[in-house]
Amino acid sequence: MKVLGIESTAHTFGIGVVDERGEILIDEKSVYKPKEGIVPTEAADFHRENSSKILEEVEKKINLEEIDLIGISTGPGLPPCLNYGLKFSRKLAERLKKPLIGINHCQAHIEIGKFLTKAQDPIILYVSGGNTQIIYNNKGYKILGETQDIGIGNAIDKLGRTAGIKFPAGPEIEKIAKQGKFVLLPYSVKGMDLNFSGVLSESIRRLKSNKLEDILYSFQEVCFSMLAEVCERALAATDKKELLLVGGVVQNQRLQEVLRRMCKDRGANFYVVPKEYAGDNGVMIALTALINWKEEKRIEPKANPNWRIDSI
Ligand code: ATP
Ligand code: FE2
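Residues numbered from 1 in each chain as written. Chains lettered and ligands numbered in written order. Predicted model: local features only at pLDDT ≥ 70, side-chain atom pairs only at ≥ 80, totals over all residues. Heavy atoms only, no water.

Visitor: How should the layout of surface pockets be read in this particular structure?
Guide: With a probe scaled to a water molecule rolled over the atoms, the places where space remains empty come into view. Space inside the second largest pocket adds up to approximately 230 Å³. Counting residues per element, the lining of the second largest pocket draws most heavily on helix 3 (residues 105-117), at 4 residues. In terms of residue class, the lining of the second largest pocket is built from 4 nonpolar, 3 polar and 4 charged. There are two domains that each give the lining of the second largest pocket at least three residues, and those are domain 1 (2-109 + 277-311) and domain 2 (121-275). (1 Å grid on protein atoms, 1.4 Å probe; cavity = no way out; pocket = protein on both sides within 12 Å on 5 of 7 lines; lining within 4 Å. Points joined across faces, edges and corners; volume = space filled by probe spheres on them. Helix = DSSP H or I, 4+ residues; strand = E, 2+ residues; numbered from the N terminus. Nonpolar A, V, L, I, M, F, W, Y, C, P; charged D, E, K, R; others polar. Domains from an automatic or database assignment.)

Visitor: Whenever I open this one, the site of ligand 1 confuses me. Can you help?
Guide: Taken together, 24 residues sit near ligand 1, with Y126, S128, N131, D157 and D280 positioned nearest. A distance of 2.7 Å separates an oxygen atom of ligand 1 from a polar side-chain atom of D157. Measuring from an oxygen atom of ligand 1, one finds a backbone N or O atom of G170 at 3.3 Å. Of all the secondary-structure elements, those providing two or more residues to the shell around ligand 1 are helix 3, helix 4 (152-162) and helix 5 (170-177). The residue makeup of the shell around ligand 1 includes at least three contributed by each of domain 1 (2-109 + 277-311) and domain 2 (121-275). (Near = heavy atom within 4 Å. Polar contact = N/O pair within 3.5 Å; in protein donor to acceptor, adjacent residues only side chain to side chain.)

Visitor: Just to check I follow, could you spell out the nonpolar core for this structure?
Guide: Nonpolar side chains tend toward joint burial in soluble globular proteins. Residues I152, F219, L227, L243 and L259 are the most contacted members of the largest nonpolar core, which totals 75 residues. Counting residues per element, this core draws most heavily on helix 7 (residues 212-238), which supplies 13 residues. Each of domain 1 (2-109 + 277-311) and domain 2 (121-275) accounts for three or more of the residues forming this core. If near-sequence neighbours (up to four positions away) are discounted, L259 is found in contact with L125, L227, A228, C231, L243, L245 and F270. (Core = buried A, V, L, I, M, F, W, Y, C linked by side-chain atoms within 4.5 Å. Buried < 20%, exposed > 50% of the residue type's maximum accessible area, 1.4 Å probe, protein only. Contact = heavy atoms within 4.5 Å.)

Visitor: Help me out: how do you make sense of the sheet that holds strand 7 (residues 132-137) in this one?
Guide: Strand pairing within a sheet occurs via backbone hydrogen bonds; the two strands may be parallel or antiparallel. Strands sit in the order 8-7-6-11-12 across an open sheet of 5 strands; the sheet is mixed. Of all strands in the sheet, those with a lone pairing partner are strand 8 (141-146) and strand 12 (269-272), marking the two edges. On average, each strand axis in the sheet is tilted by 25 degrees relative to the strand beside it, whichever way the strands run. As paired strands, strand 6 (residues 123-127) and strand 11 (residues 242-246) are joined by 4 bridges and run parallel to one another. Bridge pairing in strand 11 places I123 opposite L243. Across the face of the sheet, helix 8 (residues 253-266) comes into contact with strand 6, strand 11 and strand 12 while running at roughly 160 degrees to strand 12. (Pairing = 2+ DSSP bridges. Axes fitted to C-alpha atoms, helices over the stretch in contact; angles between N-to-C directions.)

Visitor: Looking at this model, I keep getting lost on the packing of aromatic side chains. Mind explaining?
Guide: Two numbers describe a pair of aromatic rings. These are the distance of the centres and the angle of the planes. Within this structure, the stated rule accounts for 4 aromatic pairs. When the centroid spacing of 6.3 Å and the interplanar angle of 50 degrees are considered together, the rings of F13 and Y84 count as tilted. Of this pair, F13 sits in strand 2 (residues 12-19) while Y84 is found in helix 2 (residues 79-96), placing the two residues 71 residues apart along the sequence. According to the relative accessible area criterion, F13 is buried, its value standing at 0%. Relative accessible area serves as the criterion here: at 10%, Y84 is assigned to the buried category. An aromatic cluster is built from F13, Y84 and F88, whose rings are joined through pairwise contacts. Above the ring of F115, the side-chain terminus of K118 is found at 5.9 Å from the ring centroid. A cation sits over an aromatic face here: R298 above W293, 3.7 Å from the ring centre. (Phe/Tyr/Trp six-rings, centres within 6.5 Å; stacked < 30°, edge-to-face > 60°. Lys NZ or Arg CZ within 6 Å of the ring centre and 35° of its normal.)

By themselves, these are just geometric observations and shouldn't be taken as functional.
If you want it as structure tokens, here you go:
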């Protein structure tokens, strides 16, 4: 069995193919990189312009007649991007006369993390542009804690944009932060939930009066400590012995260091999704389509911009 997955929820248009053991056969993508923040209609136009080129690359490597199943990420995401992805994938499914199923983008980030790291039953920290959630599996995915305002990646990108750092700002912020010293910024954890808008607005305000590197360093330290606190409490409350990091923000080495140390102190195993598959990609959609198909979970392909993982 060969499964093709299409990712088109936000900035990335990607197509991946896996075989029935999950082995990665194809990983093609193009990423829309706006100067400022993402404009949803512009991102969808970008996908419209690049999708046939990506499909051509795929066809150079595989005969599409060999594909048995197609998965399309149908949410959460930006409506114009979801709609374009659906249109593209329906056309392809009709052409190949193969079934098309809807895939939850968050589940896909988790499944590829579990598959590639071999974590068995972890607490999952999902940190990306739009999402920040602490998740575990108990007869389906459950959300233990989450951001009450913005996703940590969006907070990072907004701080970067204000400081004149190009999108996505995470890697550059991480580099500059290495030179910084700590200044106190607002820390906000409420039970198992987090708030990033307070630390973000105070950081933006202080950019005028403090050194850039000090603000970026302190912003990272405060946000990552908040995440560590909630993850540690999740491990303690569920008595689980594994922590798995997924989503684009986990590429940050300082975040990994903070959480690795917390796990070591508790005797928990620590896993991070490999960086090539941390951000959005078509492979994670293909892999999740394979897993759901085998479990006879066939979700109708319909755009679902606010689709929560705990509703699957
Ligand atoms: P979602 O999964 O919520 O739909 P997304 O798909 O936009 O969000 P990803 O592609 O998973 O998000 O991740 C992108 C985010 O990761 C951006 O906000 C980017 O700044 C951040 N990021 C990438 N590298 C780093 C890094 N080294 N440090 C911190 N953040 C990073
Ligand atoms: Fe994502």
